Amino acid sequence: MPLSVGDTAPAFTAKDTNGNTVSLSDFAGKAVVLYFYPKDDTPGCTKEACSFRDNYSQYQGKDIVVLGVSIDDEASHQQFTEKFNLPFPLLADVNGAITKAYDVDGGGYAKRVTYVIGSNGTISNVYTTVKTDTHATDILADLGV
């Protein structure tokens, strides 16, 4: 069962698309859209990533960070990012620690679940049902942005 609205978001540290170390604490004071997806460069995951790409400027303008998470490695994330020109980091959760901490382990892949973490570190929105092609705009609408 995924985490709930009001829960404190579990801390994490992982490598991103470019090999940089990223921690949730790096974004203290900002809202974070942490979206989990099963696999790089698959049809649904590509639609979801491109939805965030196409609406990324609206997130930046509101000081909202977008982070994608899957158990794919950095090399896979780099290829996926380059192929689709993704402007936000993808986190390589190769050992599944973040996936497990956020209770979205699908048994060898991350389930498609998105958490919006408020600037205070608590979860403000949970999406367990996602329309991949409109997900980014659906979140913006829910946040009143």
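Refer to the preceding data block for the structure.
Computed from a predicted structure; not experimentally measured. (Residues numbered from 1 in each chain as written. Predicted model: local features only at pLDDT ≥ 70, side-chain atom pairs only at ≥ 80, totals over all residues. Heavy atoms only, no water.)

Trainee: Would you mind showing me how to read unusual backbone geometry here?
Mentor: Of all residues except glycine, most have a negative phi; of all peptide bonds, most are trans. A positive phi angle is found at N85, which is not glycine, with a value near 55 degrees. In this structure, N85 sits in the loop between helix 3 (74-84) and strand 5 (90-92). The phi dihedral of D103 is positive, around 55 degrees, even though this residue is not glycine. Within the fold, D103 resides in the loop between helix 4 (97-101) and strand 6 (113-117). The class of D103 is partly exposed, set by a relative accessible area of 34%. (Helix = DSSP H or I, 4+ residues; strand = E, 2+ residues; numbered from the N terminus. Buried < 20%, exposed > 50% of the residue type's maximum accessible area, 1.4 Å probe, protein only.)

Trainee: Just checking my understanding: could you explain the side chain of T114 for this structure?
Mentor: Tracing the chain through its elements places T114 in strand 6. Among the polar contacts made by the side chain of T114, one reaches the side chain of H135 at a distance of 2.7 Å. Every residue in contact with T114, bar those within four places of it in the chain, is listed here: V33, L34, Y35, E48, N125, V126, Y127, H135 and I139. (Polar contact = N/O pair within 3.5 Å; in protein donor to acceptor, adjacent residues only side chain to side chain. Contact = heavy atoms within 4.5 Å.)

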